[in-house]
Amino acid sequence: MKKIATNKLTLMSVMLMIFTSTFAFDNTSIAYYTMGYAGIIWYVLAALLFFVPHH
């Protein structure tokens, strides 16, 4: 029998998911208020980097 490799969530991955979901959504309106249109490039960059694999 062949062993099937399974990827599991690490503690760091779970911590980053909790941190991101807690702080990222609330800061969206605040960042737009403080940075204005200059914040758009960071939202686009974050959206693009979200889909880049990190392994």
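Please refer to the structure placed before this passage.
So, a few notes on the structure that sits alongside this text. (Residues numbered from 1 in each chain as written. Predicted model: local features only at pLDDT ≥ 70, side-chain atom pairs only at ≥ 80, totals over all residues. Heavy atoms only, no water.)

1. Comments concerning the overall build of the protein chain
Here is step 1: Across its full length, the protein chain carries two helices and zero strands.
Here is step 2: Expressed as a percentage of its 55 residues, the buried residues of the protein chain come to 2%.
Here is step 3: Of the roughly 5800 Å² that the protein chain leaves accessible, carbon and sulfur atoms contribute 75%. (Helix = DSSP H or I, 4+ residues; strand = E, 2+ residues; numbered from the N terminus. Buried < 20%, exposed > 50% of the residue type's maximum accessible area, 1.4 Å probe, protein only. Areas by Shrake-Rupley, 256 points an atom, 1.4 Å probe, with all protein chains shown as cover.)

2. Considering a nonpolar patch on the surface
Here is step 1: Taken together, the side chains of Tyr32, Tyr37, Ile40, Tyr43, Val44 and Leu48 present a nonpolar region at the surface, about 660 Å² in accessible area.
Here is step 2: Secondary-structure assignment places Leu48 in helix 2 (residues 40–50).
Here is step 3: For Leu48, a relative accessible area of 59% gives the class exposed. (Patch = residues over 30% accessible without salt bridge, like charges linked within 9 Å, V, L, I, M, F, W, Y side chains within 5 Å. Salt bridge = Lys/Arg side-chain N within 4 Å of Asp/Glu carboxyl O.)

That's the geometry; what it means functionally is another story.
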